Amino acid sequence: INHIVHNGGLYKRPFNEAFEETPMLVAVLTYVGYGVLTLFGYLRDFMRQWKIEKCQNATEREEQKDFVPLYQDFENFYNRNLYMRIRDSWNRPICSVPGAKVDMMERVSHDYNWTFTYTGRVVKDIINMGSYNYLGFAQKAGTCQEAAAEVLSHYGAGVCSTRQEMGNLDKHEELEKLVARFLGVESAMAYGMGFATNSMNIPALVGKGCLILSDELNHASLVLGARLSGATIRIFKHNNMQSLEKLLKDAIVHGQPRTRRPWKKILILVEGIYSMEGSIVRLPEVIALKKKYKSYLYLDEAHSIGALGPSGRGVVEYFGLSPEDVDVMMGTFTKSFGAAGGYIGGKKELIDYLRTYSHSAVYATSLSPPVVEQIITSMKCIMGEDGTTVGKARVQQLAENTRYFRRRLKEMGFIIYGNEDSPVVPLMLYMPAKIGAFGREMLKRNIGVVVVGFPATPIIESRARFCLSAAHTKEMLDTALKEINEVGDLLQLKYSRHRLVPLLDRPFDETTYEETED
């Protein structure tokens, strides 16, 4: 389904997303494939139980045999009998900077992926199509590396304390002022871990008697934070504003269950770029609904900060909106900035409150000084405060690489999900056997890719996920595309029934959903 949106002037630019429907035959064959694997899984479990086949998975000790099983559930069954067959596609050991090309340690398995042995050989110059190195700041030479090395010699590697005790360095203060300026907000706070920025701060903002409205495809950190908060959670369909508005209406009309009292507060949780779908949040519509129903908005910009917008300031700048319209702006330094940690930006009152009540702020060790310097140097580069136009050029290069790569894949006949401006590019594989086959075939051709299956995606929507970088040259992308095309023919992955055609001009007086015909 192609979404072409302008919605009554809310959007200042075209908003094009594609989610082509799974072909019926492919869906049926995918279910059959999982059915066969499950059948053989039960057969192998039977053989392991009777010692016909060696059992290498985690089991209870002999004296605990009469206990309620600790490990035997579907997830564990899936790991033993399905995941283990293709386990070599994950956790591959990299022994270089995760730049445009990487070096990888070769490993082999002699027991069907239960254990791995390293051969001692290093595979050089693999084109890296999987790291979140959107702006190419993951590098071992250059201004960022030099600045981080200088700070390391002056401050050391660790802080050994929390921000509230002896771990508040001048560098941390400098970083937070810079982040606030970069985002265009009153104040900001930095944290040592991106995942914990979500999971530990949401419980500080909402609690019992509050309502969280969460997109169904939100990241695990947002889901965990929502669960830990104790607030009531309701899920709306992915990027579906009708579904969100219905939940908002119901929440205001009916209030809390049983008592019918009004909710203390309503918090909407969304992401800038969804890391598995490659879609961009419909932020103008979300903000319009937020204002209409007097709720709060929490925006996770982990993948969009640095990667979207003319100057890399994320999805808010991409849509030409004001940062004041977003109550809580969250993002991470782990992707576009080539570092670690996360941040929250917003009004000064919000940040002062979080400094006191956030578990991440009170109990977690401060960010490492060299990491802080990496963030400061890369952010100043993006803002142009280093006296060069390198940062702006990287943002533009990423946008060009994204559009080129997506267009070429669609022309080849692959089903590609997401927004045309998203540097996260999911290529649909569907069938379980093709997950491992695609990863292995690409590695044979010196292309490193990430393949994704259940439980990170719905069980029939397995995919390869490419992450583009400003560090990728056109020659690298053309090499990768050539090999992807070959592997696509070899594995018969070109499922799309709708070759890329120019978008039709249409009036943009309201949201239109164009459903492509079979």
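Per-chain numbering applies: the sequence of each chain, read as written, is numbered from 1 onward. Selection of residues for local features in this predicted model requires a pLDDT of at least 70, selection of side-chain atom pairs for listing and counting requires 80 or more, and totals for whole chains, interfaces and linings are taken over all residues. The side-chain numbers reported here are obtained from all heavy atoms of the structure, hydrogens and water having been left aside.

Looking at the overall build of the protein chain
Thinking step 1. Of the regular secondary structure elements, the protein chain holds 15 helices and 17 strands.
Thinking step 2. Against the globule reference of 24 Å for 518 residues, the protein chain gives a C-alpha radius of gyration of 24 Å, in line with a compact fold.
Thinking step 3. Overall size of the protein chain, expressed as C-alpha extent along the three principal axes, is 65 × 60 × 60 Å.
Thinking step 4. Restricting the contact set of the protein chain to residue pairs at least 6 apart, pairs at least 24 apart contribute 69%.
Thinking step 5. In short, Shrake-Rupley with a 1.4 Å probe defines the accessible areas, and a residue's cover is counted only from the protein chains shown. Accessible surface, the protein chain: about 24,400 Å² in total, of which carbon and sulfur atoms supply 56%.
Thinking step 6. The distance from the centre of the 62 positive side-chain charges to the centre of the 60 negative ones in the protein chain is 2 Å. By definition, any uninterrupted DSSP run of H or I lasting at least four residues is a helix, any uninterrupted run of E lasting at least two residues is a strand, and each is numbered from the N terminus. For the radius of gyration, the atom set is restricted to C-alpha positions; the globular benchmark scales as 2.2 Å times the number of residues to the power 0.38. It only takes one pair of heavy atoms within 4.5 Å for two residues to be counted as in contact. In this tally Asp and Glu are treated as negative and Lys and Arg as positive; neither His nor the chain ends contributes. All charge positions are set by atom: Lys at NZ, Arg at CZ, Asp at CG, Glu at CD.

Focus: the pairing of strand β10 (residues 328-332)
Thinking step 1. Counting buried positions along β10 yields five of five residues, so the element is predominantly enclosed.
Thinking step 2. Exposure categories follow from relative accessible area, calculated using a 1.4 Å probe and restricted to protein chains: below 20% of the type maximum is buried, above 50% is exposed, and the middle band is partly exposed. Here β10 shows two buried faces, one formed by Val328, Met330 and Thr332 and the other by Met329 and Gly331.
Thinking step 3. Strands are treated as partners if at least two bridges between them are detected by DSSP. Two strands pair when backbone bridges link them, and strand β9 (residues 296-300) and β10 are joined in this way by three bridges, in the parallel orientation. Paired with Tyr298 across the bridge in β10 is Val328.
Thinking step 4. Bridge count between β10 and strand β11 (residues 342-346): four bridges; the pairing is antiparallel. Bridge assignment links Gly331 to a residue of β11, and that residue is Tyr343.

What to know about the packing of helix α4 (residues 170-183) against helix α12 (residues 369-383)
Thinking step 1. Axis lines are fitted through C-alpha atoms, for helices just across the contact stretch, and the angle between N-to-C directions can take any value from 0 to 180 degrees. At a closest axis distance of 10 Å, the pairing of α4 and α12 adopts a crossing angle of 30°. In terms of orientation, α4 lies roughly parallel with respect to α12. Here α4 and α12 pass one another in a crossing that is left-handed. Of α12, the residues touching α4 (which contributes Lys171, His172, Glu174, Leu175, Leu178, Val179, Arg181 and Phe182) are Val372, Glu373, Ile375, Ile376, Met379, Lys380, Ile382 and Met383.
Thinking step 2. Residue polarity follows a fixed list, in which Ala, Val, Leu, Ile, Met, Phe, Trp, Tyr, Cys and Pro are nonpolar, Asp, Glu, Lys and Arg are charged, and the others, Gly among them, are polar. Of the residues belonging to the contact of α4 with α12, the class tally is 10 nonpolar, one polar and five charged. Orientation labels follow simple angle bins: below 35 degrees gives roughly parallel, above 145 gives roughly antiparallel, 65 to 115 gives roughly perpendicular, and whatever is left gives oblique. Handedness of each helix crossing follows the sense of rotation of the near helix against the far helix: counterclockwise by less than a right angle gives left-handed, clockwise gives right-handed.

Looking at empty space enclosed by the protein
Thinking step 1. Space inside and on the surface of the protein is sampled on a 1 Å grid over the protein atoms alone, with a cavity defined as a set of points where a 1.4 Å probe fits but cannot get out and a pocket as an open set with protein on both sides within 12 Å along at least 5 of 7 lines; lining residues have an atom within 4 Å of a point. Grid points are joined across faces, edges and corners, and a volume is the space filled by probe spheres set on the points. If you walk through the whole model with that rule in mind, you get one cavity of 30 Å³ or more.
Thinking step 2. The computed volume of the largest cavity comes to approximately 80 Å³.
Thinking step 3. Only β5 (187-191) and α11 (359-363) provide two or more residues apiece to the lining of the largest cavity.
Thinking step 4. Ranked by residues supplied to the lining of the largest cavity, first place goes to β5 with three residues.
Thinking step 5. Of the residues in the lining of the largest cavity, the class split is six nonpolar, five polar and one charged.

Comments concerning the layout of surface pockets
Thinking step 1. There is about 1,300 Å³ of room inside the largest pocket.
Thinking step 2. Asp215, Glu216, Leu217, His238 and Glu277 are, among the 49 residues lining the largest pocket, the residues nearest its centre.
Thinking step 3. Put simply, the parts of the chain that give the lining of the largest pocket at least two residues each are α5 (194-205), β6 (211-215), α6 (220-229) and β10.
Thinking step 4. When residues in the lining of the largest pocket are grouped by element, the largest group, five residues, is from α6.
Thinking step 5. Class assignment of the residues belonging to the lining of the largest pocket gives a composition of 18 nonpolar, 17 polar and 14 charged.
Thinking step 6. Domain delimitation follows an automatic or database domain assignment. When residues are assigned to domains, the lining of the largest pocket turns out to be shared by domain 1 (19-128 + 389-498) and domain 2 (143-383), each giving three or more.

Describing the sheet that holds strand β13 (residues 424-430)
Thinking step 1. Spatial strand order, β13-β16-β15: three strands in an open sheet with antiparallel pairing. Strand pairing shows two members of the sheet lacking a second neighbour, β13 and β15 (450-452), which therefore form its edges. Strand-to-strand twist of the sheet, defined as the mean angle between neighbouring strand axes without regard to direction, takes the value 25°.
Thinking step 2. As paired strands, β13 and strand β16 (residues 462-467) are joined by six bridges and run antiparallel to one another. Of the residues in β16, the one forming a bridge with Pro426 is Arg465.

Details of the UniProt feature "domain: Aminotransferase class I/classII large" (unreviewed entry) in the protein chain
Thinking step 1. The feature "domain: Aminotransferase class I/classII large" (unreviewed entry), as given by UniProt, occupies residues 124-484 in the numbering adopted here.
Thinking step 2. Across residues 124-484, helical content stands at 43% and strand content at 17%; the span's end C-alpha atoms are separated by 19 Å. UniProt positions are given in the numbering used here, feature names are shortened, and annotations may be inferred rather than shown by experiment.

Describing the packing of helix α7 (residues 241-254) against helix α8 (residues 283-292)
Thinking step 1. In the contact formed by α7 and α8, the axes pass within 11 Å of each other and the chain directions differ by 15°. Considered as vectors, α7 and α8 are oriented roughly parallel to each other. For α7 against α8, the interelement crossing comes out right-handed. Where α7 abuts α8, its residues Met241, Leu244, Glu245 and Leu248 lie against Glu285, Val286, Leu289 and Lys292.
Thinking step 2. A breakdown of the residues in the contact of α7 with α8 according to their chemical character gives five nonpolar, no polar and three charged.

Here we look at α4
Thinking step 1. Relative to the 20 Å expected for 14 residues at 1.5 Å per residue, α4 spans 20 Å between its end C-alpha atoms, a close match to the ideal helical length.
Thinking step 2. Taken residue by residue, α4 has Lys171, His172, Leu175, Glu176, Leu178, Val179, Ala180, Phe182 and Leu183 as its buried positions.
Thinking step 3. After α4 finishes, the residue Gly184 shows a positive phi value of roughly 80°. The span you would expect from a helix comes to 1.5 Å times its residue count less one.

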